[in-house]
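# Analysis of the macromolecular model
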Amino acid sequence: MVTLRKIDNTNVWEVCRLHVKKEQEDFVASNMESLAEAFAVRESGGVALPFGIYADDAPVGFMMFGYDVVPGEEGMPEIARGNYCIWRFMIDKAHQDKGYGKEALRLAIDYVKTFPCGEAECVYLSYEPENTGAAKLYHSFGFAENGETDGEEIVAVLRL
Ligand SMILES: CC(C)(COP(=O)(O)OP(=O)(O)OC[C@H]1O[C@@H](n2cnc3c(N)ncnc32)[C@H](O)[C@@H]1OP(=O)(O)O)[C@@H](O)C(=O)NCCC(=O)NCCS
């Protein structure tokens, strides 16, 4: 069974040991970088909720949620205001193509629908234009591009 587990002292290092394929490294930050960013965003008064993705008791991936804009951060897409973000998402190279990504995304949407940080109309994410595999997965869940970009990345939105 696939589950999302909050990252704490008991699992931080096993999640940091998870990596994507070499050719996917431009699509997502390393988990260690994401966790450093989570710390910094929280220190700035923003929201960053990192989780390990587990298949039974095996760590297989990483996901991080955001909510609303990060104080002081410029250039965030308009959709960020008052909405959730699936900010980071990866499945380790040894565990891809087994359906874990799809299951984790389903759990992610269920999680944001509990509105853990407050009300929202949407959850959004962004992906590199070359990341057609991820785009296909997102579209299959109903995410649709809203015309915004986040840096080079294309923003796609799902109404909750
Ligand atoms: C995107 C990612 C999380 C998908 O995880 P996964 O566990 O391999 O995906 P699943 O096995 O659940 O497959 C889900 C669906 O996506 C499709 N898919 C996943 N990766 C794909 C790829 N590279 N190319 C084409 N299709 C892909 C699968 O074919 C499957 O579709 P189907 O149900 O119609 O067969 C994983 O490939 C990954 O970590 N990629 C590198 C990091 C990344 O790009 N993260 C997203 C940043 S926006």
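Located above this text is the structure these notes cover.
The paragraphs below set out a description of the structure included in this document. The structure presented is a predicted model; accordingly, all values stated were derived computationally and were not measured.

All right, on to the overall build of the protein then. Each helix and strand in the protein was counted, giving four helices and seven strands. Going from the N terminus to the C terminus, the protein shows its helices and strands as β-α-α-β-β-β-α-β-α-β-β. A compact globule built from 160 residues would reach a C-alpha radius of gyration of about 15 Å, and the protein, at 15 Å, matches this within 12%. Considered along the principal axes of its C-alpha atoms, the protein spans approximately 35 × 35 × 30 Å. The proportion of buried residues among the 160 residues of the protein is 46%. If you sum the accessible surface of the protein, you get close to 8,600 Å²; carbon and sulfur atoms cover 50% of it. On the protein, the mean spot of the 15 positive side-chain charges and the mean spot of the 27 negative ones are 7 Å from each other.

The full count for this structure, using the stated rule, is seven aromatic pairs. Considering the side-chain rings of Y67 and Y84, the 4.5 Å spacing of their centres and the 35° angle between planes classify their relative orientation as tilted. With a gap of 17 residues between them, Y67 in strand 3 (residues 58-67) and Y84 in strand 4 (residues 84-91) connect regions that are remote in the sequence. For the residue pair Y67 and Y84, the accessibility class agrees, reading buried in each case. Consider the rings of Y84 and F115, whose centres lie 6.4 Å apart with planes at 50°: the pair is tilted. Of the two residues, Y84 sits in strand 4 while F115 sits in the loop between helix 3 (100-112) and strand 5 (122-127), which places them 31 residues apart along the sequence. Given a relative accessible area of 26%, F115 falls into the partly exposed group. An aromatic cluster is built from F51, F65 and Y111, whose rings are joined through pairwise contacts.

Residues in close proximity to the ligand total 21 residues, the closest being F89, I91, G101, K102 and N131. One of the backbone N or O atoms of G101 is found 2.8 Å from an oxygen atom in the ligand. Summarising the interface, the protein chains cover 74% of the accessible area of the ligand, which totals 910 Å² for the free molecule. At a threshold of 2 Å from the grid points, most atoms of the ligand map onto the largest pocket. Elements that contribute at least two residues to the shell around the ligand include exactly strand 4, helix 3, strand 5 and helix 4 (132-140). Per element, the largest residue contribution to the shell around the ligand is four residues, and it comes from helix 4. Residue classes in the shell around the ligand are distributed as 10 nonpolar, seven polar and four charged.

Cut-off values and rules
- Residues numbered from 1 in each chain as written.
- Predicted model: local features only at pLDDT ≥ 70, side-chain atom pairs only at ≥ 80, totals over all residues.
- Heavy atoms only, no water.
- Helix = DSSP H or I, 4+ residues; strand = E, 2+ residues; numbered from the N terminus.
- Rg over C-alpha atoms; globule rule 2.2 N^0.38 Å.
- Buried < 20%, exposed > 50% of the residue type's maximum accessible area, 1.4 Å probe, protein only.
- Areas by Shrake-Rupley, 256 points an atom, 1.4 Å probe, with all protein chains shown as cover.
- Lys, Arg positive; Asp, Glu negative; His and termini not counted.
- Charge placed at Lys NZ, Arg CZ, Asp CG, Glu CD.
- Phe/Tyr/Trp six-rings, centres within 6.5 Å; stacked < 30°, edge-to-face > 60°.
- Near = heavy atom within 4 Å.
- Polar contact = N/O pair within 3.5 Å; in protein donor to acceptor, adjacent residues only side chain to side chain.
- 1 Å grid on protein atoms, 1.4 Å probe; cavity = no way out; pocket = protein on both sides within 12 Å on 5 of 7 lines; lining within 4 Å.
- Sits in = over half its atoms within 2 Å of the grid points.
- Nonpolar A, V, L, I, M, F, W, Y, C, P; charged D, E, K, R; others polar.

Function cannot be inferred from these measures alone, as they are strictly geometric.
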